[in-house]
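Survey of secondary and tertiary structure
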Amino acid sequence: MIQETDILEPLKLYNLTIKDDHHANAIEYFNHLVETSGVSEEENEILVKKVNTKKATVTKYKKEVGKAQALKGLCITGIVLGFLAAVVFFLICLTNPALLALFIVLTCVCVGIGVTCIVLLVKKVNKILANNEKKLRIVEGELNEAIEEATAQLLPLNKLFDNNIPAMLFTKTIPLIKMDQYFDKSKFQYLHDNYGFKENEEQNISSLYIQSGSILGNPFLIERNYVQEMGSKTYTGTLTITYTVRVSNGKGGYTTSLRTQTLVAEVTKPCPYYYLDTWLVYSNDAAPDLHFSRQRSNANSMDEKQKEKFVKQFDKKLDKKIEKLRSEGKTTFQEMSNEKFEAFFNATNRDNEVQFRLLFTPLAQKNMLDLINTKEPYGDDFSFIKDGPLNYIKTEHAQHFDYEAGPEKFQGYDLKEMRNNFVAFNDDFMKHFYFDMAPLMCIPLYQQHQTFEFIYEGKFATNLTGFETEILANNFGDKYFAHPDTDTPVILKRTFVKANGLADQNIITAYSFKKVRRVEYVSKHGNDGCIHQVPVEWFEYVPLEQETEFTSQQFRTSEVNYREKLNNGAFANIVSQYGKNNAILYHRGLISFLASRLDNGYNGQELNNLSKMDTKEN
């Protein structure tokens, strides 16, 4: 187990200890789930072997069907070509009496080929194809039955997977870093009241994922947003024109020649674009007056000579910049003695030299350079912004990894394959999350600065943060919220209406666009000396909005217990009484449903009582 004072050299510790420890913890936990579920690995091996045998048989008959279909195609081709050739030869017979005998023979041969192909197709090929297709349908049915049998055998195990398992295992491996079940209101309020951290209020940004936690009481969160931005798109249109020109005939005269030209026109119009944006936000009161930003240097892709050259060039440019600014009385910047750190970390826009040196001690500088220069796993792929007590880290690797660990990611029918997938995902989760935090872990002072627990008493205006409410809505999917005319992705935004007891009543607004076809005519000069109007088809993106009433609240239980509650009569009655279309969703200790209406009197207490039953039982 990693002790709280052990992460002094984060890169070294990951390679020597953390990576292997976490791998072992993932294996151990999966084995614990298997033991808890009571499923038999030996029985599963037999069932999986049966499935694989059926798969091999399905593959065999698919090949046989493919061969028969190819032979059928060959026969059809022979029929068409045979009779077509016979017609051609027959027509030649009529126009060439001298070759009558030859072409009569060729006509008969071609007719014979066509007839033979028909007989072969009807008498043999179609029967072979039908027989193989029948066998394929049978073995595909047997395969599905075998998969269902294997899946049913592992049902007790599949029911045990939970969204919070990777986060829980992360904390088990590194107890210094505490992970939350969800981003609760008190932690948000702490960040908001002390550091001005705000919810995403922009209409074009929707929260997709958030994992919050703390390091010695200092809160952090990894936040993934779905962002829509307006850009532009260029559309192209063409128009082909014909015209005549006079050309010399080489004999002293002229003739006319027909020419063609394709005119090309372009128009550029507004177009929405969508992307994922993932950030780590961390608060720490160490060096609270310091501000700086740095961008990745790509040092890990350089060899030693390139690094030396980079440092020298950077140093020369920095000396000139400092000299100029000082002559103008605009800076108190003092260059660090570690030229490599200064060049590769490149936080020359810092505004507090004393606090910068307080953070970046010789050990912190060494750690940061080790992280920047390493080639594995990611190297220098991070930007780092410090805005007083708030730190923002954006890594390239985080933009492409799916941190969401829904139960379906681990479920299956092949126990061996499931174990491999489970362990591989948790290894990846650790690697990605750890190196999101690595730039912070490189600074020992951040691990030594402990914040008192942020305990808020009294009542909040809302029960859940806007982040978590939008995440719940996004997990439902666009189809529940999107305007029926929508042609683009959808940005879901939560508007808080009121808190009624434990439940939040919200409006989810779906922002999207309808594509409307337009044609614009662009004047183009042709080689015929005329102006032509070239049509260019483009699409206007007309904004759409649709509002849906949405209820959300805490439901502190596990994924397993939630699924059991779905079959509970009392649970079903609550959902049918206050919800709409039986659309309900559990996600990491929270629950939400489409509300029948916001004034239906629902206060969350009934579902809360059901979740408390789990605490008593466990």
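Keep in mind it's a predicted model, so treat the numbers as computed, not measured.

The next thing to look at is the environment of Phe170. You can see Phe170 is positioned in helix α5 (residues 165-173). With 263 residues separating them in the primary sequence, Phe170 and Phe433 have C-alpha atoms 8.9 Å apart. Contacts of Phe170, omitting those with residues within four sequence positions, involve His22, Ile177, Met179, Phe429, Met430, Phe433 and Tyr434.

Let us look at the sheet that holds strand β2 (residues 205-215). With antiparallel pairing, the 7 strands of this open sheet are ordered in space as β1-β2-β3-β4-β7-β6-β5. Taken across any chain shown, the strands that pair with only one partner, and hence form the sheet edges, are β1 (177-179) and β5 (291-294). Ignoring which end each strand starts from, the neighbouring axes of this sheet average 25 degrees apart. Looking at chain direction, strand β4 (residues 254-283) and strand β7 (residues 390-395) are connected through 4 bridges and run antiparallel. Bridging across to β7, Val281 finds its partner in Tyr392. With respect to the sheet, helix α6 (residues 185-195) is in contact with β2, β3 (218-248), β4 and β7, its orientation differing from that of β3 by roughly 80 degrees. On top of the sheet, helix α11 (residues 415-441) reaches β1, β2, β3, β4, β6 (382-387) and β7; it is set at about 135 degrees to β7, its chief contact.

What follows concerns the packing of aromatic side chains. The full count for this structure, using the stated rule, is 49 aromatic pairs. When the ring of Phe188 is compared with that of Phe197, the centres are 6.4 Å apart and the planes differ by 65 degrees; the resulting orientation is edge-to-face. Residue class for Phe188 comes out buried when judged on its relative accessible area of 5%. Looking at Phe197, the relative accessible area reads 7%, which means it is buried.

Scanning the model with the defined rule gives 1 cavity of 30 Å³ or more in all. Put simply, the largest cavity is a space of about 50 Å³. Along the walls of the largest cavity sit Asn163, Asn164, Pro166, Ala167, Tyr209, Gln211, Tyr403, Glu404, Ala405, Phe429 and Arg588, which together make up its complete lining. Elements that contribute at least two residues to the lining of the largest cavity include exactly α5 and β2. Across the lining of the largest cavity, the residue classes tally to 6 nonpolar, 3 polar and 2 charged.

The next point concerns the pairing of β2. For β2, the tally of buried residues reaches 10 of 11 residues, placing the bulk of the element in the interior. Note: β1 against β2, 3 bridges, orientation antiparallel. Considered in β2, the bridge of Met179 is made with Gly213. Pairing geometry for β2 and β3, over 10 bridges, is antiparallel. The residue bridging Ile215 from the neighbouring strand is Asn218, located in β3. The turn joining β2 and β3, which pair antiparallel and follow one another in sequence, is formed by 2 residues; a positive phi near 50 degrees is taken by Leu216.

What follows covers the nonpolar core. Counting residues in hydrophobic clusters, the biggest one holds 80 residues, and the most contacted among them are Phe345, Phe360, Met368 and Phe422. With 14 residues, α11 is the largest single contributor of residues to this core. If near-sequence neighbours (up to four positions away) are discounted, Phe360 is found in contact with Phe292, Met336, Phe341, Phe345, Gln365, Met368 and Ile443. Core analysis: the second largest hydrophobic core is formed by 17 residues, Tyr226, Ile241, Tyr274 and Val536 among them.

This part is about α6. Summarising burial for α6: 8 of the 11 residues are buried, a large majority. Taken as a whole, α6 has its buried residues at Lys185, Ser186, Lys187, Phe188, Gln189, Tyr190, Leu191 and Tyr195. In this structure, the buried side of α6 is in contact with β2, β3, β4, β7 and α13 (466-476). Where α6 terminates, the next one or two residues include Gly196, which has phi positive at roughly 75 degrees.

Further remarks concern a nonpolar patch on the surface. Taken together, the side chains of Phe83, Val111, Val115, Ile118, Val119 and Val122 make up a nonpolar region of the molecular surface, amounting to roughly 420 Å² of accessible area. Counting residues per element, the nonpolar patch draws most heavily on helix α3 (residues 100-153), at 5 residues. Tracing the backbone shows Val122 in helix α3. Residue Val122 is classed as partly exposed on the basis of its relative accessible area of 48%.

Turning our attention to the sheet that holds strand β8 (residues 491-500). Pairing within the open sheet is antiparallel, and its 5 strands lie in the order β8-β9-β10-β12-β11. Of all the strands in the sheet, just β8 and β11 (579-587) have a single pairing partner and so form its edges. Each adjacent strand pair in this sheet contributes to an overall mean axis angle of 25 degrees, direction not counted. Strand direction decides the pairing type here: strand β10 (residues 531-554) and strand β12 (residues 590-595), joined by 5 bridges, are antiparallel. Residue pairing for β12: Phe550 is matched across the bridge by Leu594. On top of the sheet, α13 reaches β8, β9 (503-525), β10, β11 and β12; it is set at about 115 degrees to β11, its chief contact. Of the strands in this sheet, β11 and β12 touch helix α15 (residues 569-578), which is tilted by about 125 degrees from β11.

Definitions and limits used
Residues numbered from 1 in each chain as written. Predicted model: local features only at pLDDT ≥ 70, side-chain atom pairs only at ≥ 80, totals over all residues. Heavy atoms only, no water. Helix = DSSP H or I, 4+ residues; strand = E, 2+ residues; numbered from the N terminus. Contact = heavy atoms within 4.5 Å. Pairing = 2+ DSSP bridges. Axes fitted to C-alpha atoms, helices over the stretch in contact; angles between N-to-C directions. Phe/Tyr/Trp six-rings, centres within 6.5 Å; stacked < 30°, edge-to-face > 60°. Buried < 20%, exposed > 50% of the residue type's maximum accessible area, 1.4 Å probe, protein only. 1 Å grid on protein atoms, 1.4 Å probe; cavity = no way out; pocket = protein on both sides within 12 Å on 5 of 7 lines; lining within 4 Å. Points joined across faces, edges and corners; volume = space filled by probe spheres on them. Nonpolar A, V, L, I, M, F, W, Y, C, P; charged D, E, K, R; others polar. Core = buried A, V, L, I, M, F, W, Y, C linked by side-chain atoms within 4.5 Å. Patch = residues over 30% accessible without salt bridge, like charges linked within 9 Å, V, L, I, M, F, W, Y side chains within 5 Å. Areas by Shrake-Rupley, 256 points an atom, 1.4 Å probe, with all protein chains shown as cover. Salt bridge = Lys/Arg side-chain N within 4 Å of Asp/Glu carboxyl O.

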